[in-house]
Each structure stands twice: as structure tokens, then as C-alpha cells.
Amino acid sequence: MRLRIIFATSLMVMAGCGSSRPELYLNDHARRVGAEAAERDIDDCIAQAERSRAEINREAPGLEPPEKGLFARSALSEAQKVFVNKCLREKGYEPTAWD
């Protein structure tokens, strides 16, 4: 019984603290490149957004509030989500929502 509680709690923590990802409309470009390439492109756009955030923090440290909590790094800000959506559109995708 104790093992089940630990396992269930672990799943809830992982699900609640994972970074959100954009969902893509299955347009012609997404069909042509396939799911694996689309996931790589999403990862690339998210990485670009995170690098952008790091550069902003380095150049103007007081601009963004300090991160709090154990999993603060996993969440993208709304500005970063806009950045990722723009990046994906430039690559030919149509982001529809974030999970």
C-alpha cells in the first residue's frame, strides 16, 4: 500500500511540474516532416526561448522576478510561449494551444 502511494504521488509531481508544450495543427508541413521532426523543432524553439530568457537575465538582472520553488525552471513565461509560437510558425507549423 505504501509503495502505491509513493508511486501515485511521484506521477502527480511529474505531471504537474513538467514543462508545457505546444500542440500543433496537423497541416501539410507537419504531415510532410512527421512527428519526430516536429518534436525536434518544438524542442529547438523552446531552447531558443530559454536562451533568450537567460540573455535577458544576464543583461538586465532586475527585469525578471527571481525564480521560486524547486521546479521554477520548467515553466515557460507567456512571453516565451509567444516566442515559441512565432518560431514554430516561421518553420511552417501552426501551433494551436499549450498543454
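All values derive from a computational prediction rather than experimental measurement.

The rules behind each value
Residues numbered from 1 in each chain as written. Predicted model: local features only at pLDDT ≥ 70, side-chain atom pairs only at ≥ 80, totals over all residues. Heavy atoms only, no water. Core = buried A, V, L, I, M, F, W, Y, C linked by side-chain atoms within 4.5 Å. Buried < 20%, exposed > 50% of the residue type's maximum accessible area, 1.4 Å probe, protein only. Contact = heavy atoms within 4.5 Å. Axes fitted to C-alpha atoms, helices over the stretch in contact; angles between N-to-C directions. Helix = DSSP H or I, 4+ residues; strand = E, 2+ residues; numbered from the N terminus. Parallel < 35°, antiparallel > 145°, perpendicular 65-115°, else oblique. Left-handed = near helix turned anticlockwise from the far one by under 90°. Expected span 1.5 Å × (residues − 1). Bend = angle between axes of the 7 residues up to and from the residue. Polar contact = N/O pair within 3.5 Å; in protein donor to acceptor, adjacent residues only side chain to side chain. Disulfide = S-S within 2.5 Å.

*Asks:* Any details on the nonpolar core? Residues and values, ideally.
*Replies:* The biggest cluster of nonpolar side chains holds 11 residues, and these are Ala30, Ala38, Ile42, Cys45, Ile46, Ala49, Leu76, Val84, Cys87, Leu88 and Tyr93. Not counting chain neighbours up to four residues away, the residues in contact with alanine 30 comprise Tyr25 and Tyr93.

*Asks:* Mind laying out the packing of helix H2 (residues 28-59) against helix H3 (residues 78-90), listing which residues take part and the relevant values?
*Replies:* To characterise two packed helices, one gives the angle between the axes of the helices and the distance between these axes. Orientation of H2 relative to H3, taken along the N-to-C sense of each, is 135°, at an axis distance of 9 Å. In terms of orientation, H2 and H3 fall into the oblique class. Crossing hand, H2 versus H3: right-handed. Within the contact between the two elements, H2 uses Asp41, Ile42, Cys45, Ile46, Gln48, Ala49, Glu50 and Arg53 and H3 uses Gln80, Phe83, Val84, Cys87 and Leu88.

*Asks:* Tell me about H2, and please be specific about residues and values.
*Replies:* In an α-helix there are 3.6 residues to a turn, and that puts residues three or four apart on one side. If you check H2, its first and last C-alpha atoms are just 40 Å apart, much less than what 32 residues at 1.5 Å a residue would give, namely 46 Å. Remark: the principal bend of H2, roughly 105°, maps to glycine 34. Along H2, the residues that are buried comprise His29, Ala30, Ala37, Ala38, Asp41, Ile42, Cys45, Ile46, Ala49 and Arg53. Against strand E1 (22-25) and H3 lie the buried residues of H2. Between the side-chain oxygen of the N-cap and the backbone nitrogen of histidine 29 there are 3.3 Å, and the N-cap of H2 in question is asparagine 27.

*Asks:* Requested: an account of the environment of aspartate 99, with residues and values cited.
*Replies:* Within the secondary structure layout, aspartate 99 lies in the segment after strand E2 (94-98). Relative accessible area serves as the criterion here: at 56%, aspartate 99 is assigned to the exposed category. Aspartate 99 sits 78 residues away from arginine 21 along the chain, and the two C-alpha atoms are 5.7 Å apart. Not counting residues within four places of it along the chain, the set of residues in contact with aspartate 99 comprises Ser20, Arg21 and Glu23. There is a polar contact of 2.8 Å between the side chain of aspartate 99 and the backbone nitrogen of arginine 21.

*Asks:* A description of the state of the cysteines should follow, citing residues and the corresponding values.
*Replies:* Inspection of the entire model under this criterion finds 1 disulfide. Sulfur-sulfur distance for the disulfide between cysteine 45 and cysteine 87 comes to 2.1 Å. In this structure the cystine formed by cysteine 45 and cysteine 87 twists about its S-S bond by roughly -70°; its chirality is therefore left-handed. Separated by 42 residues along the polypeptide, cysteine 45 in helix H2 and cysteine 87 in helix H3 bring together distant segments of the chain. Cysteine 87 matches cysteine 45 in its accessibility class, with the two residues each being buried.

Purely spatial values, then, with no claim about function.
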